[in-house]
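Architecture at a glance
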Amino acid sequence: MAQVLSAPPLTAGAAAAPRRLLPVLPLLALVVTLALPVPGGADGGGTPADAVSGLVVVCCALRLVRGRRRPLTRTAAVVLGLPVAGVAVATAGAASAGAGAEGLVRYLQVFVLVPAAVMLLIRDRRDARLLAWSLVGLALWQGAIGVHQYLTGTGASYQGEMVRAVGTFGATDIMGMAAVVSFGLVCALGLALRSGPARQRTAAAVCALALLLPLALSFSRGAWIATAVTCGAQLALAGLRRAVRVLAAVAAAAVVLVGGFGVGTAMLQERISSITQVAEAPDQSVTDRYTMWTAAVDMWRGRPLTGVGLKGFPEHRDGHASLALSSGSDTDGAGAGFRRQPLLSPHNMYLLVLSEQGLLGLLALAGSWLALLVCGLRRLVRARAGRRGGLDCALVACGVLLWQLVDFVYADIGGPSTVLTALVLGLAAWWALASEEAGRR
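Report on the accompanying structure. (Residues numbered from 1 in each chain as written. Predicted model: local features only at pLDDT ≥ 70, side-chain atom pairs only at ≥ 80, totals over all residues. Heavy atoms only, no water.)

Across 3 bridges, the pairing between strand E1 (residues 156–158) and strand E2 (residues 161–164) is antiparallel. Bridged to tyrosine 158 within E2 is glutamate 161. Here E1 folds back onto E2 in antiparallel fashion, the turn holding 2 residues, of which glutamine 159 has a positive phi close to 55°. (Pairing = 2+ DSSP bridges. Helix = DSSP H or I, 4+ residues; strand = E, 2+ residues; numbered from the N terminus.)

See the structure below:
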């Protein structure tokens, strides 16, 4: 009699695996959306990533209603809700109701709703690591496109050549790819410093080294500075011995890429040297930035407590800026034609908030970020001293937050990559504010 063969029954763990991923799937979908080309460029308006970020909030709300549980602890509610006070006051002082409503929605999306949803959808360290690896994958994808753009001369315009790596974000959001690659590098470094399987640590270290090339080819001075500061802080927090080994590997990779292959040697050297020439012989972009910084401070002096209102910087710019400010910046290449982009923000998040929301708004927003950083670092110290693991999650969460806070000195929100800011703030909030049980699992 022939033996009847039957498939072995699924184990409980295998059957539960797909269901376990359901809460974090909206976050992965948001990361995937950021890998797609932006329809119509980055000229304002909603993007697919904005739509998916709204879906993240809805999924989180449905999960909370279904689970009938308290959404946030009192501390988390206060820290994440702090920006609402300043934004609400600045909305009332906006020049028009439409501009105020638009600014209110944007600030609540980026700094309150989406971060809170991300924090609640991440349940444990496995979810946090999965999200970190997805950011590394996104960075590798965007970085590969950026390197191809440099090698084939199909990137954005830089010094008259179409060599600037911008990924799928286009010439109108030149900081987009640089931010994505930087976040991926910070996540990869944090994962490489974990005390886990050697294969995973090696893979993360290789990814971090590979992302150095597209980061260099982005020609973004602000991203370089923020990444250097953040990675240095991660290595210092992880331990001196690891820091020495990683720095040696980075130095070797830099020698091979720049010295051996000559990757962008002349342009990179000129761009790097320009960082130290901001006072003596600044280029026009630096002059424009300092001029807008001065204008933002001047706006704040006129209305120190509440600022000029949300979306008010462009309207008040010409009344406070000197004649050194140019009419705009030139963008070209990466699939788009030549355009003259108006300078509508100071390219400094702190000064943008100070000018439009005043001291009240800056204290509320920056106070929320500082609280996240302090709480995150406290838990990082405990994770490093204990034996329960989680140091990699701590280094990733605190790292992406520190990178964003440093980068905000040279950039502000705007463009398709802005949703990524909300995502990393939520990741940092999970580590800093989630319950101790969620942080240990």
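Once the structure has been displayed, the description carries forward.
Taken as a whole and assessed by the stated rule, the structure comprises 9 aromatic pairs. For the ring pair tyrosine 350 and tryptophan 369, a centre distance of 5.9 Å and an interplane angle of 75° mean the geometry is edge-to-face. Using a relative accessible area of 21% as the deciding quantity, one classes tyrosine 350 as partly exposed. Judged by its relative accessible area of 4%, tryptophan 369 is buried. Each member of the aromatic cluster is reached from another via a ring pair, and the members are Tyr107, Phe111, Tyr350, Trp369 and Phe408. (Phe/Tyr/Trp six-rings, centres within 6.5 Å; stacked < 30°, edge-to-face > 60°. Buried < 20%, exposed > 50% of the residue type's maximum accessible area, 1.4 Å probe, protein only.)

Turning next to the pattern of salt bridges. Enumeration over the complete set of coordinates arrives at 5 salt bridges. In this structure, arginine 106 engages aspartate 50 in a salt bridge whose closest nitrogen and oxygen atoms are separated by 3.0 Å. With arginine 106 in helix H5 (residues 97–121) and aspartate 50 in helix H3 (residues 48–67), the pair connects residues that are 56 residues apart, well separated along the chain. For arginine 129, the salt bridge identified is with aspartate 392, shortest N-O distance 2.6 Å. Of the two residues, arginine 129 sits in helix H6 (residues 125–152) while aspartate 392 sits in helix H16 (residues 391–407), which places them 263 residues apart along the sequence. According to the relative accessible area criterion, arginine 129 is buried, its value standing at 17%. When its relative accessible area of 2% is taken as the criterion, aspartate 392 is described as buried. (Salt bridge = Lys/Arg side-chain N within 4 Å of Asp/Glu carboxyl O.)

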